[in-house]
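Tertiary structure, described
The primary structure of each chain is shown beneath.
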Amino acid sequence: MVAKRVMNSRKEETISVIVETEDRKKFETSAPSGKSKGKYEVNDFSNKGLTFSIDFVNVLGKKIADERIVFETFDDLNKVEKIVREYDKSSNLELVGGNSLYALECSLLKAMAHSYEVEPWKFLLRTNKINVPMPLGNAIGGGMHVKQDKKLDFQEMLFIPKTDKFFDASFLNLQAYKEAKRLLKEKDKKWKSKITDENALATTLDNESTLKLMAQIRDDLRDKFKMKLEIGMDAACSGFWNRIKYTYLNFSKEQPVKNLGKAEQLEYLDKLIKENKLFYVEDPFYGDDFESFAKLLSKNKQTLICGDDLICTNPDRLFEAIQKKSINSVIIKPNQVGSLLVAKEALDMARKYDIVPIISHRSGETNDNIIAHLAVGWNIPYIKTGITGEERLAKINELLRIERYC
Ligand code: PGA
Ligand code: ZN
């Protein structure tokens, strides 16, 4: 087992872990990183720095080899978690770093699948029925994912196709992206062809005009292709909550700067959902406001009200949200908890309580495609992994390949 330093799509350093099997095959996983992180996520790397995380994995690798620790089933990942958690007792993995454990577990998973001569998705899947998830496609974006004077306050405007085949869904997302580009060129006079960290189009249009444009594209493409297409957004509201108010800087054409208190934010989000028939809204409030989530959900039971920063893939926080009826959907990002086992625990809990799970990439990605395998292997109905860009297409193309296999 060897750990090394690589770059993610935002040109930040991250860790890659290579596991070598007895037949000398090598399996590698590089970890992604978020920009608009939830405050309850584990640390990406050791608080002593990335070098410490790399050294730790290398020492751990030697221990695993010396003690001839065997990994044969998914639950065997517990063997490595036990060693790590004995060494780093902090809840946020501040000594080891979540990305080290995440990359290590993913490479072990790939190696175990190989020893059974199957791909990772098949190793994880316990039924014969294969479901390829529907993709949430980030077409127009803003928030913390772009540096630009005038930008969307909301982070991601998403298209959500609902087709029988992943092939049709990814095609539809691409058409929607192209149409968004064409319309932005026409309507956004200040548009500079800039893209966000996730390769979405970084408009200068205000939030509401952009949502209207999304709704127009949805309606046009439904007519044109006779396929089901929905829209939604990751509002990522923690990013502009200042502990008292939500500070909008591009609220509307007439009034760009606007502050909304908690109650006003609830009213505003409720209005946006209804006016634009939003199928999906992620993080409509800051990441501790379980109560406002619950109020919005009670008024919009048909919409997926999803928790990302609210939950951080943490089973305890998910349980709290379930008790408080805050969400009916949850983002699963395994590197938020630095552990495939804990991510799976959150996923199982979501399923038990009818919370719709969505597996997701990070804004700083690598070309690794393991989340495509986790999506199929864990039978997750949706995946959020962008529309274009090499690191996003790595996952989309893998899902297309798995679908062809079916
Ligand atoms: P992040 O953003 O990867 O920068 O945290 C993605 C998201 O908020 O869903
Ligand atoms: Zn999010």
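In this text, all values refer to a predicted model and were calculated from it rather than measured experimentally. Each chain carries its own residue numbering, running from 1 in the direction its sequence is written. To read the labels, note that chains go from A and ligands from 1, taken in the order they are written. Residue-level local features of this predicted model are given only where pLDDT is at least 70; pairs of side-chain atoms are given and counted only at 80 or more, and the full residue set underlies all totals for whole chains, interfaces and linings. Each side-chain value is derived from all of the structure's non-hydrogen atoms; neither hydrogens nor water enter the calculation.

Let us look at the overall build of the protein. Secondary structure elements follow DSSP: runs of H or I no shorter than four residues count as helices, runs of E no shorter than two count as strands, and numbering proceeds from the N terminus. Looking only at helices and strands, the protein has 13 helices and 13 strands in total. As defined in this context, the radius of gyration uses C-alpha atoms, and a globule is described by 2.2 Å times the residue total to the power 0.38. A globule of 406 residues ought to have a C-alpha radius of gyration of about 22 Å, and the protein, at 21 Å, matches this closely. Taking the principal axes of its C-alpha atoms as reference, the protein extends roughly 65 × 45 × 40 Å. Pairs at least 24 residues apart make up 69% of the contacts formed inside the protein by residues separated by at least 6 positions. Residue-level accessible areas treat just the shown protein chains as cover; the underlying method is Shrake-Rupley with a 1.4 Å probe. For the protein, the accessible area works out to roughly 17600 Å², and carbon and sulfur atoms hold 50% of it. For this count, His and the chain ends are skipped, Lys and Arg are scored as positive, and Asp and Glu as negative. We put the charge of a Lys on NZ, of an Arg on CZ, of an Asp on CG and of a Glu on CD. Side chains of the protein give 66 positive and 61 negative charges; the mean places of these two sets differ by 3 Å. Residue contacts are defined here by distance: any two heavy atoms, one from each residue, within 4.5 Å place the two residues in contact.

This part covers the site of ligand 1. If a single non-hydrogen atom of a residue is within 4 Å of a molecule or strand, that residue counts as near it. Every one of the 14 residues lining ligand 1 counts as a neighbour, but Lys35, Ser36, His145, Arg362 and Ser363 are closest to it. Glu282 has a polar side-chain atom sitting 3.2 Å from an oxygen atom of ligand 1. A distance of 3.1 Å is found between an oxygen atom of ligand 1 and a side-chain nitrogen or oxygen belonging to Lys333. Its free accessible area being 270 Å², ligand 1 has 100% of it covered by the protein chains. Residues are said to line a cavity or pocket when one of their atoms sits within 4 Å of a point; the points come from a 1 Å grid over protein atoms alone, cavities being sets where a 1.4 Å probe fits but cannot get out and pockets being open sets with protein on both sides within 12 Å along at least five of seven lines. A pocket or cavity is taken to hold a molecule when more than half of that molecule's atoms are within 2 Å of the pocket's grid points. Judged by the proximity of its atoms to the pocket grid, ligand 1 belongs to the second largest cavity. Three categories are distinguished: nonpolar for Ala, Val, Leu, Ile, Met, Phe, Trp, Tyr, Cys and Pro, charged for Asp, Glu, Lys and Arg, and polar for the others, with Gly belonging to the last. Of the residues in the shell around ligand 1, the class split is no nonpolar, five polar and nine charged. Lining the shell around ligand 1 are residues from two domains, each supplying at least three of them: domain 1 (2-118) and domain 2 (134-405). N or O atoms within 3.5 Å of each other form a polar contact, as long as, within protein, one can give a hydrogen and the other can take it, and as long as residues adjacent in sequence are counted only when both atoms are side-chain atoms. What marks off one domain from the next here is an automatic or database domain assignment.

Before going further, it helps to spend a moment on the pattern of salt bridges. Definition used for salt bridges: Asp or Glu carboxyl oxygen within 4 Å of a side-chain nitrogen of Lys or Arg. The full count for this structure, using the stated rule, is 35 salt bridges. The closest approach of N and O atoms between Lys384 and Glu156, which form a salt bridge, is 2.6 Å. Of this pair, Lys384 sits in strand β13 (residues 382-384) while Glu156 is found in strand β5 (residues 156-162), placing the two residues 228 residues apart along the sequence. Classification of Lys384 by relative accessible area gives buried; the value is 2%. Classification of residues uses two cut-offs on accessible area relative to the type maximum, computed with a 1.4 Å probe and protein chains only: under 20% is buried, over 50% is exposed, and between them is partly exposed.

What follows concerns the sheet that holds strand β3 (residues 26-30). At least two bridges found by DSSP between two strands is the condition for calling them paired. Spatially, the three strands line up as an open sheet ordered β1-β2-β3, and their pairing is antiparallel. Each having just a single partner strand, β1 (2-7) and β3 make up the two edges of the open sheet. The sheet shows a mean angle of 25° between the axes of neighbouring strands, direction not considered. Two strands pair when backbone bridges link them, and strand β2 (residues 13-20) and β3 are joined in this way by five bridges, in the antiparallel orientation. For helices, the fitted line uses only the C-alpha atoms of the stretch in contact; every axis is such a line through C-alpha atoms, and the angle between N-to-C directions lies from 0 to 180 degrees.

In terms of domain boundaries, the protein breaks down into domain 1 (2-118) and domain 2 (134-405). For domain 1 and domain 2, the distance between their C-alpha centroids amounts to 28 Å. Taken together, the contact pairs 35 residues of domain 1 with 31 residues of domain 2. We define buried area as the total accessible area lost by two parts upon association, computed with a 1.4 Å probe and summed across both. Taken together, both faces of the contact between domain 1 and domain 2 bury some 2700 Å²; the carbon and sulfur share is 55%. Per-residue buried area on domain 1 facing domain 2 is highest for Ser36, Tyr40 and Tyr102; these three make up 24% of the total on that side. For the pair domain 1 and domain 2, the number of links is four salt bridges. Note that Lys39 and Asp288 form a salt bridge whose closest N and O atoms lie 2.7 Å from each other. Where domain 1 meets domain 2, there are 19 residue pairs in polar contact (both at pLDDT 80 or more). At the level of elements, β3, α2 (77-87) and α3 (98-115) are the ones that each hand at least two residues to the side of domain 1 that touches domain 2.

Looking now at empty space enclosed by the protein. Grid points are joined across faces, edges and corners, and a volume is the space filled by probe spheres set on the points. Throughout the structure, instances matching the rule amount to two cavities of 30 Å³ or more. Approximately 100 Å³ is the volume found for the largest cavity. As for the largest cavity, its lining consists of 15 residues, of which Pro32, Tyr102, Glu365, Ile370 and Ile371 are closest to the centre. At the level of elements, α10 (334-337) and α12 (370-377) are the ones that each hand at least two residues to the lining of the largest cavity. Across the lining of the largest cavity, the residue classes break down as five nonpolar, five polar and five charged. When residues are assigned to domains, the lining of the largest cavity turns out to be shared by domain 1 (2-118) and domain 2 (134-405), each giving three or more. Lining of the second largest cavity is provided by 16 residues; of these, His145, Gln155, Glu156, Glu198 and Lys333 occupy positions nearest its centre. Of the residues contributing to the lining of the second largest cavity, the split by class is no nonpolar, seven polar and nine charged.

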